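Architecture at a glance
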Amino acid sequence: MGSHPESPESTDSLPTPATPAGRDGLDAIRSRPTRAVIALDFDGTLAPIVPDPEQARAHPDAVPALAALAPKVASVAVVTGRPAGVAVRHGGFAGVPGLEHLVVLGHYGAERWDAVSGTVSAPAPHPGVAAVRAELPGFLDKIGAWQGTWIEEKGRAVAVHTRRASDPQAAFEALREPLSDLATRHGLIVEPGRMVLELRPPGMDKGVALLEYVREIGAESVLYAGDDLGDLPAFAAVDKLRSDGIPGLLVCSGSSEVAELADRADLVVDGPPGVVRLLSALATQLT
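Note on numbering: residues in each chain are counted from 1, in written sequence order. The model is predicted, so local features are restricted to residues of pLDDT at least 70 and side-chain atom pairs to those at 80 or more, both for listing and for counting; the totals for chains, interfaces and linings are taken over all residues. Side-chain measures were taken over the full set of non-hydrogen atoms in the model, leaving aside hydrogen atoms and water.

The next point concerns the packing of helix α2 (residues 62–69) against helix α9 (residues 271–285). Helix-helix packing is characterised by the crossing angle of the two axes and by the distance between the axes. Here, axes are lines fitted to C-alpha atoms. For helices the fit covers the stretch in contact, and angles between N-to-C directions go from 0 to 180 degrees. Under the DSSP-based scheme used, a helix requires at least four consecutive residues in state H or I and a strand at least two consecutive residues in state E, with every element numbered from the N terminus. It is the contact of α2 with α9, at a shortest axis distance of 8 Å, that shows an interaxial angle of 25°. Considering the angle they form, α2 stands roughly parallel to α9. When you trace α2 past α9, the crossing you get is left-handed. Two secondary-structure elements touch here, α2 through Ala62, Ala65, Leu66, Ala68 and Leu69 and α9 through Val276, Leu279, Ser280, Leu282 and Ala283. Note on residue classes: Ala, Val, Leu, Ile, Met, Phe, Trp, Tyr, Cys and Pro are nonpolar, Asp, Glu, Lys and Arg are charged, and everything else, Gly too, is polar. Looking at the contact of α2 with α9 residue by residue, the class counts come to 9 nonpolar, 1 polar and no charged. Angle categories are assigned with fixed cut-offs, so that under 35 degrees is roughly parallel, over 145 is roughly antiparallel, 65 to 115 is roughly perpendicular, and the rest are oblique. Take the far helix as your reference; a near helix turned counterclockwise from it by less than a right angle gives a left-handed crossing, and one turned clockwise gives a right-handed crossing. Residues are treated as being in contact if the distance between any of their heavy atoms lies within 4.5 Å.

As for its placement among the helices and strands, aspartate 41 is situated in the loop between β1 (36–40) and α2. Reaching out from aspartate 41, the side chain makes a polar contact with the side chain of threonine 45 at a distance of 3.1 Å. Among all residues touching aspartate 41, those that are not within four sequence positions of it are Leu46, Val79, Lys206, Tyr224, Ala225, Gly226, Asp227 and Asp231. Definition of a polar contact: a pair of N or O atoms within 3.5 Å, with one able to donate and the other able to accept a hydrogen when the atoms are protein atoms, and with sequence-neighbouring residues admitted only if both atoms are side-chain atoms.

What follows deals with the sheet that holds strand β7 (residues 158–161). Here we have 4 strands laid out as an open sheet, ordered β6-β7-β9-β8, and antiparallel in their pairing. Each edge of the open sheet carries a strand with a single partner, namely β6 (150–153) and β8 (189–192). Neighbouring strand axes in the sheet, compared pairwise and without regard to direction, differ in orientation by 25° on average. Note on pairing: DSSP must find at least two bridges between two strands before they are called paired. Pairing analysis gives 4 bridges linking β7 to strand β9 (residues 196–200), with the strands arranged antiparallel. In the sheet register, valine 158 faces β9, and the bridge partner there is leucine 199. Set on the sheet, helix α5 (residues 168–185) makes contact with β7, β8 and β9; between it and β9 the angle comes to about 5°.

Attention shifts here to α5. Expected helix span is computed as 1.5 Å times (number of residues minus one). End to end, α5 covers 25 Å across 18 residues, agreeing with the expected 26 Å (1.5 Å per residue, within 8%). The axis of α5 is deflected most strongly, by about 35°, at arginine 176, and proline proline 178 appears within four residues downstream. For α5, the secondary structure elements touched by its buried residues are α4 (127–142), β7, β8 and β9. Positive backbone phi, at 75°, marks glycine 187, one or two positions downstream of α5. Note that the bend at a residue is defined as the angle between axes fitted to the seven residues ending at it and the seven residues starting at it.

Another point: the pattern of salt bridges. Salt-bridge detection follows one rule: a side-chain nitrogen of Lys or Arg within 4 Å of a carboxyl oxygen of Asp or Glu. Applying the stated criterion to the full structure yields 18 salt bridges. In this structure, aspartate 227 engages arginine 194 in a salt bridge whose closest nitrogen and oxygen atoms are separated by 2.1 Å. With aspartate 227 in the loop between β10 (221–226) and α7 (232–243) and arginine 194 in the loop between β8 and β9, this pair connects stretches of sequence that are 33 residues apart. Judged by relative accessible area, aspartate 227 falls into the buried class, the value being 1%. In this structure, aspartate 244 engages lysine 240 in a salt bridge whose closest nitrogen and oxygen atoms are separated by 2.8 Å. Using a relative accessible area of 42% as the deciding quantity, one classes aspartate 244 as partly exposed. With a relative accessible area of 37%, lysine 240 lands in the partly exposed category. Taken together, the salt bridges that share partners define one network made up of Lys154, Glu191, Glu198 and Arg200. When accessible area is computed with a 1.4 Å probe and restricted to protein chains, residues below 20% of their type maximum are described as buried, those above 50% as exposed, and intermediate ones as partly exposed.

Further remarks concern the nonpolar core. We call a set of buried residues a nonpolar core when its members are Ala, Val, Leu, Ile, Met, Phe, Trp, Tyr or Cys and they connect through side-chain atoms within 4.5 Å of each other. Counting 42 residues, the largest nonpolar core has Ile38, Leu40, Leu46, Phe93, Leu223, Leu279 and Leu282 as its most contacted members. For this core, the element with the most residues is α9, which contributes 7 residues. Beyond its immediate stretch of four places on either side in the chain, phenylalanine 93 contacts Phe42, Leu46, Val63, Leu66, Val78, Ala87, Val88, Leu99, Leu102, Val104 and Trp113. Core analysis: the second largest hydrophobic core is formed by 28 residues, Leu232, Ala234, Phe235 and Cys252 among them.

Time to look at the pairing of strand β4 (residues 111–114). The two faces of a sheet get side chains in turn, since along a regular strand they alternate between them. Burial along β4 is one-sided: Glu111 and Trp113 are buried, while Arg112 and Asp114, pointing the other way, are not. As paired elements, strand β3 (residues 102–106) and β4 share 4 bridges and run antiparallel to each other. The residue of β4 that forms the bridge with leucine 105 is arginine 112. If you look at the hairpin formed by β3 and β4, you'll find 4 residues sitting between the two strands, and histidine 107 has a positive phi there, around 50°. In this sheet, strand β5 (residues 120–121) lies alongside β4 in antiparallel orientation, the contact comprising 2 bridges. For arginine 112, the partnering residue across the bridge sits in β5 and is serine 121.

Given below as structure tokens:
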């Protein structure tokens, strides 16, 4: 589709999607908002990417925009690889008036937090994750990849970041095959992201989580916004929903690091600030 920079806009005007399918998706959301799901990635979409994920926080205008939008739609769903509780804390989503229609699908849908109950529900973790977690420090040291890389504990997954390495992209590429072998040995898969390789159980991705949730609540339209390779399954899920007659809008939270996502999007906005402007404009226009 090509990269589609967002249109010049005021805070209350909506940019026009670059594709007919995207325009249909936006029209469907606007015409029947109470049947629409607004689904959003967290890191890089609602929160700026930072070197230390523990320091990531939602854009300061994200919660007000979501609180204005959520009462007008069927649901706002934050779909993230992070543990649900971590996304709730870093997002500041708990106890916010107007966010009663918010859910967080954490660990790619393996965990769910909803604003009404304020609790997280989740099945038992995959045993391979604990095995990899124990083996990973020595594994990285043995292959000479300890310098500049670091391990992020994600509860139901574990991730290796290369952003702090002297050559982050070279370190990322060098680790892909050995980490894939390690993951396979323990019944896991590797999900590549922006200078990060995540080892997690199979059958967990944002596409599966999004499809199941949209069908569960009987939504008739969907918007999905993401920024990373891990969001491609969610983009594919929206394509699947479109083929089933449920219109959708694909939004890329613009990044020069992930051109593939921008190429598949109906609308490209300028990172988390652009996502927040889009949500605010949508909230203003919906009745």
